[in-house]
Amino acid sequence: MLQALTTTLVVASLYALLGAGYVLVYRSSRVLNLAQGDLLTLGGYFLFALAAAFPGAPAVSLPLAALASALTGVVVYLVLMRPMAGHPVFAAVLVTVTLGILLRAGIVFVFTDRTRHPLQSLGLTNPPRALPGGAVVSTFDLVMIVTAATLFAGLFLFLRLSPLGIQMRAAGEHALLASQRGINFHGVFALSWALAAFAGGLAGMICSSNVRLEPSLDVLGLRAFAVALVGGLDSLAGVLPAAVIVAAVEVLSIRYGNPLLSDVSPFLCLLVMLLIRPWGLFGTREELERV
Amino acid sequence: MALGGGYFKTSHEADLAVVDTRLRRTALAVLVLALLVLPRVASSFVLDLASQAALAAIGALALNVLTGLAGQISLGHAGFLAAGAFTTAALVERGLASPLLTLPATALVGALLGLIVGIPSLRLKGLYLALGTLAMHHVVLYVAGEMQARAGGNTGFTIPPPALGSLVLRGTVGWYYALVLAAALVLVLVVNLQRSRAGRAWMAIRDRDVAAASVGIHVARYKLAAFVWSSVVTALAGTLFAYQRGFVSVEAFGFFLAIEYIAMIIIGGLGSALGAVLGAGLVTLLPYAIDAVVAALSPGAADYYIFPAKFGAFGLLMALFLVFEPLGLVGIWRRVRNWFLLWPFRHRPLRAS
Amino acid sequence: MSVLLELENVEVVYHHVATAVQGVSLSVPDRAIVALLGTNGAGKTTTLRAISGFLGGDNARVVAGRIAFRGETITGRPPHEIARRGLVLVPERDKVFETLTVQENLAALVPRGRRLVTRQQIFEYFPVLAERRRQLAGYLSGGERQMLALATALLCQPDMLLVDELSLGLAPVVVETLMRLVVRLRDELGLAVLLVEQNAAAALAVADAGYVLEHGRIVYDGSVQRLLVHEDIREFYLGVGHRADRKRYTDVKQYRRRRRWF
């Protein structure tokens, strides 16, 4: 029982990191970034490449990999999303799909689709830890939970209290109006994409150290968008409960159902949510009309 | 896109006409002739390519009616194809392989599925609808996967060629004619739909469904009709797909296939039947074109470069179209046409004096 | 008196095929209130958008002419750069951030260096906003929104305001209050204002000079005194006086048909 709970928390943290990326991008560009899963994979591969370049120096590889992910977000925005500024939302979402395709092709091209384990090059290990009550988690499971919690706390403070955060929310609501008030919304949006890619990259780094690294990890991204929708596409606060709910359903369906069912369970949650409360747990109702 | 120049249609017939100038009529005749004569001059590889393009065109036209005409964004198109193919497979498993049975059964299954998938569209729009259809697509694939795991053994189902009494449809030339004919039928159907009351209602719903409701269009009924129509045609295309390939397995119907179809209507041009056909042709030919290019550039390229190269080139092409010409090939065509129509003036002047 | 904003023969084209404004030249001197009048579809909003750098979204571009602010060319510059130079637009629609509170709206901007207006002064000009500080801007009434829009524009520390349809959707009393406020802002803060208005009477009541746009061209301009006595202006824009023998606009329009070959 406790094991199921802890596993749920770990899975929920992964989904929360990805979900934060979805919400950040949605609030700025009004786009569902369907390449978020590939940003996760990319983060893992950045870590792998840097760990191979600087073996045994995690203090160098980890921050550099995170930075590389953030920079990727900026580049993606400037090259791909900024030209889509006037186009309909649907087209911009498709551009993210093509981005995902390109990222995946690029990764397979450079790294082939063999399974990798960056942990070895990093010189770190992932020992299991026993929690009081009999549950067992790996070290990186705990790292995942802590990272997700810290990131969310940081984002809340930033968006609510700091001037740049208010500008980001303003630009997210109405970019042109923000521009007329002197806010360079391209800079602000690039920042939101950087943060989203950063969150995804972190998730990828932890995931690949925890389990393994291979190009097909991007399916996690598709499952996580169900989380973003269940919580409310424009609500950062909604991601947390949604992640827990979807993770719980998934863990339970592995236990009492079969693996195929657990693969499709986030989509079932998504469908249920769309039918009973399309704007999600904490999303704004008006969002339905804006798209 | 705005039509440059001072052309005005002055009668109802002119407004409804599909081919309205002499040049267009001649071009159409030439095209029909070329299609009929093609098997005499082309190799079977080319014919096979043409057949694939025709089959893709059927699905693209159906998706265009749903997304381009009625404005209901659907990312789960591959699910309908899979439904058609797997219904056929299920019937074949039970020994009912005749097309007289499978086609109506597929149509029925397609209609039901379209109805189910269409219900969220009554509440949702745009992005949310797209997500809903995507989720549905995964559910359909899950069901198909379960079916395959239980019955077909994990590799898939074999389908015998369709037979009506003693007439069996097999061979490249036979399938070419069958598929091109089917595609032509669907094209005529779609073009007529665009000019019909249903087509106008769909366009009204696409542009502003609240305004459409306020002029008396029964929005819910038409939305569901769009989904049902589109899914029936696509499911039938799935059956043809199953018969032509002779083999059905769930791997062929992943998310990428749905994206391919979306790419077809985007690259071709949203809302245009011509665009759907052009897009289908381009997307079908693309992998072969890339094969040819890669073979020409680096003859000994390792196989594992080919797959990401195709994948990547496809993504790049789609991205280029989305960023630079969201109205697709038809948009490019219209720009060229406007240039000719307006020449030597750059812009349409303010007053017709 | 120096000229703050100058347009020279500006031409704006939509979708590569439709000319919206052509040969538009106007100038706004320092500390002046200039009215830009016209009916629907005359090109007033297009002109304002061209000035404030707002055009790109509608596939429109400035294909000829020059727009200069303080002598520097600003044609085609992005909106945030133009705002930071001191030329701020108060738009016709979508004037405030509806999901932010009034307080946050007043913070969601990047002001220029020079300190012209403080927040305290803003609350003196608009006492209603002080009362509704913590309210979401989406719940404000039309008049309050217009005030919030003006307030945020002022907090950007501009030298000149472009006001698009100030009176749109507002009761006459509120329009009068706002117009008087605009005059006050000009007098106390030294702002220049370009007032784009369909409500010609309200605009001409406070302006120093005016331009009249029709079909994308300036058809008349001059000081307010000259405008107020002109026959056509009185009939078509102020609704005063009517002569039965004059041709109606719709009698003069014609189309020429061509045969389609392509």
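Rules behind the numbers
Residue positions are given per chain, counting from 1 as you read along its sequence in written order. Following the order in which they are written, the chains are lettered starting with A and the ligands numbered starting with 1. Given that this is a predicted model, residues contribute local features only at a pLDDT of at least 70 and side-chain atom pairs are listed and counted only at 80 or more, while totals for whole chains, interfaces and linings are drawn from all residues. In DSSP terms, a helix is any run of H or I states spanning at least four residues, a strand is any run of E spanning at least two, and both are numbered starting from the N terminus. Using C-beta atoms placed from the backbone, we call a residue buried if 20 or more other C-beta atoms fall within 10 Å of its own, exposed if 12 or fewer do, and partly exposed for counts in between. We call two residues in contact if the C-beta atoms placed from their backbones are at most 7 Å apart. The size measure is the radius of gyration over C-alpha atoms, and the globule rule it meets is 2.2 Å times the number of residues to the 0.38 power. Residues are sorted three ways: Asp, Glu, Lys and Arg are charged, Ala, Val, Leu, Ile, Met, Phe, Trp, Tyr, Cys and Pro are nonpolar, and all the rest, Gly among them, are polar. Within a predicted model, pLDDT stands for the predictor's per-residue confidence, ranging from 0 to 100. In short, DSSP must find at least two bridges between two strands for them to pair. Helix axes are fitted only over the stretch in contact, all axes being lines through C-alpha atoms; the angle between N-to-C directions runs from 0 to 180 degrees. Look down the strands so they point away from you; if the path from the first strand over the helix to the second goes clockwise, the crossover is right-handed. To estimate how far a helix should reach, multiply one less than its number of residues by 1.5 Å. Take the seven residues that end at a residue and the seven that start at it, fit an axis to each, and the angle between those axes is the bend at that residue.

Colleague: I tried to follow the overall build of chain C on my own but got confused; where do I start?
Modeller: In terms of helices and strands, chain C carries 11 helices and 10 strands. Overall, chain C is about 60 × 45 × 40 Å in size when its C-alpha atoms are taken along their principal axes. When the 262 residues of chain C are sorted by exposure, 43% land in the buried category. Across chain C, the fraction of contacts at a sequence separation of at least 24, relative to all contacts at a separation of at least 6, is 71%.

Colleague: Explanation requested: the overall build of chain B in the structure shown.
Modeller: Counting its regular elements, chain B contains 14 helices and four strands. Taken over the C-alpha trace, chain B has a radius of gyration of 21 Å; the compact-globule value for 353 residues is 20 Å, and the two agree within 12%. Counting only C-alpha atoms and orienting by the principal axes, one finds that chain B spans roughly 75 × 55 × 40 Å. A total of 353 residues make up chain B; the buried ones form 43% of that total. In chain B, the share of contacts with a sequence separation of at least 24, taken over all contacts with a separation of at least 6, comes to 78%.

Colleague: Would you mind showing me how to read the interface of chain B and chain A here?
Modeller: By a widespread convention, an interface's size corresponds to the accessible area lost as its parts come together. Listed per partner, the contact involves 34 residues of chain B and 33 residues of chain A. Taken together, the elements giving at least two residues each to the side of chain B that touches chain A come down to helix 6 (126-152), helix 11 (255-268) and helix 13 (303-324) of chain B. Ranked by residue count, the leading element in the side of chain B that touches chain A is helix 6 of chain B, at 13 residues. Here the side of chain B that touches chain A is composed, by residue class, of 25 nonpolar, six polar and three charged.

Colleague: Can you walk me through the confidence of the model for chain C in this structure?
Modeller: When pLDDT drops low, the exact placement of atoms in the prediction is not to be read closely. Residues of chain C with pLDDT of at least 70 account for 90%, and the chain-wide mean is 85. Both scores are given for the predicted complex: the pTM is 0.83, the ipTM 0.80.

Colleague: Before we go on, may I ask you to explain the interface of chain A and chain C in this structure?
Modeller: At the junction of the two partners, chain A supplies 17 residues and chain C supplies 25 residues. Only helix 7 (163-173) and helix 8 (175-180) of chain A provide two or more residues apiece to the side of chain A that touches chain C. Counting residues per element, the side of chain A that touches chain C draws most heavily on helix 7 of chain A, which supplies six residues. Residues belonging to the side of chain A that touches chain C are distributed by class as follows: seven nonpolar, seven polar and three charged.

Colleague: Before we go on, may I ask you to explain the sheet that holds strand 3 (residues 33-37) of chain C in this structure?
Modeller: Whenever strands of a sheet pair, they do so through backbone hydrogen bonds, lying parallel or antiparallel. Residues and elements named next belong to chain C. Taking strand neighbours across the sheet as the criterion, the six strands line up as 6-7-8-3-9-10 in an open arrangement whose pairing is mixed. Looking at the sheet topology across the chains shown, the edges are occupied by strand 6 (87-90) and strand 10 (217-223). Averaged over all pairs of adjacent strands, the angle between strand axes in this sheet comes to 15°, irrespective of strand direction. Across four bridges, the pairing between strand 3 and strand 9 (residues 209-214) is parallel. If you follow L36 over to strand 9, its bridge partner there is Y211. The strands touched by helix 1 (residues 44-52) are strand 3, strand 6, strand 7 (160-164), strand 8 (192-197) and strand 9; relative to strand 7, the strand with the most contacts, the crossing angle is about 145°.

Colleague: What is the right way to read the pairing of strand 7 of chain C from this model?
Modeller: Residues and elements named next belong to chain C. Most of strand 7 sits inside the fold, with five of its five residues counted as buried. Burial of strand 7 is two-sided: the residues M160, L162 and D164 facing one way and the residues L161 and V163 facing the other way are all buried. Across four bridges, strand 6 lies against strand 7 in parallel orientation. Among the inter-strand pairings, V88 is bridged to a residue of strand 7, identified as L161. Direction of pairing for strand 7 relative to strand 8: parallel, over a ladder of five bridges. Each residue of the ladder has a partner; that of L161, found in strand 8, is V193. Taking the sense of rotation as the criterion, the β-α-β connection linking strand 7, helix 7 (residues 172-189) and strand 8 turns out right-handed.

Colleague: Would you explain the sheet that holds strand 4 (residues 60-69) of chain C in this entry?
Modeller: All names here are of chain C. Pairing is antiparallel in the open sheet, where four strands are placed in the order 2-1-4-5. The sheet is open, and its two borders are formed by strand 2 (18-29) and strand 5 (72-73), each paired with just one other strand. Pairing analysis gives two bridges linking strand 4 to strand 5, with the strands arranged antiparallel. Bridge pairing in strand 5 places A68 opposite T73. Contacts between helix 1 and the sheet are confined to strand 1 (3-14), strand 2 and strand 4, with strand 2 contributing the most and set at about 65° to the helix.

Colleague: I'm lost on helix 7 of chain A in this one. Help?
Modeller: An α-helical turn contains 3.6 residues, so a residue and the one three or four places further along point in the same direction. With eight of 11 residues buried, helix 7 of chain A lies mostly within the body of the structure. On its buried face, helix 7 of chain A is in contact with helix 1 (2-29), helix 6 (139-161), helix 8 and helix 9 (185-210) of chain A together with helix 3 (102-107) of chain C.

Colleague: Help me out: how do you make sense of the packing of helix 12 (residues 273-297) of chain B against helix 14 (residues 328-342) of chain B in this one?
Modeller: To characterise two packed helices, one gives the angle between the axes of the helices and the distance between these axes. All names here are of chain B. Here helix 12 crosses helix 14 at 115°, and the two axes come no closer than 8 Å. Across the interface between the two elements, L274, G275, L278 and G279 from helix 12 touch G328, L329 and V330 from helix 14. Looking at side-chain class alone, the contact of helix 12 with helix 14 contains four nonpolar, three polar and no charged residues.

Colleague: Explain helix 12 (residues 259-276) of chain A here, please?
Modeller: Residues and elements named next belong to chain A. For helix 12, spanning 18 residues, the distance from its first C-alpha to its last is 26 Å, which sits close to the expected 26 Å at 1.5 Å a residue. S265 marks where helix 12 bends most, by close to 40°; the proline P266 follows one to four residues later. Regarding helix 12, the residues found buried are V264, S265, P266, F267, C269, L270, L271, M273 and L274.

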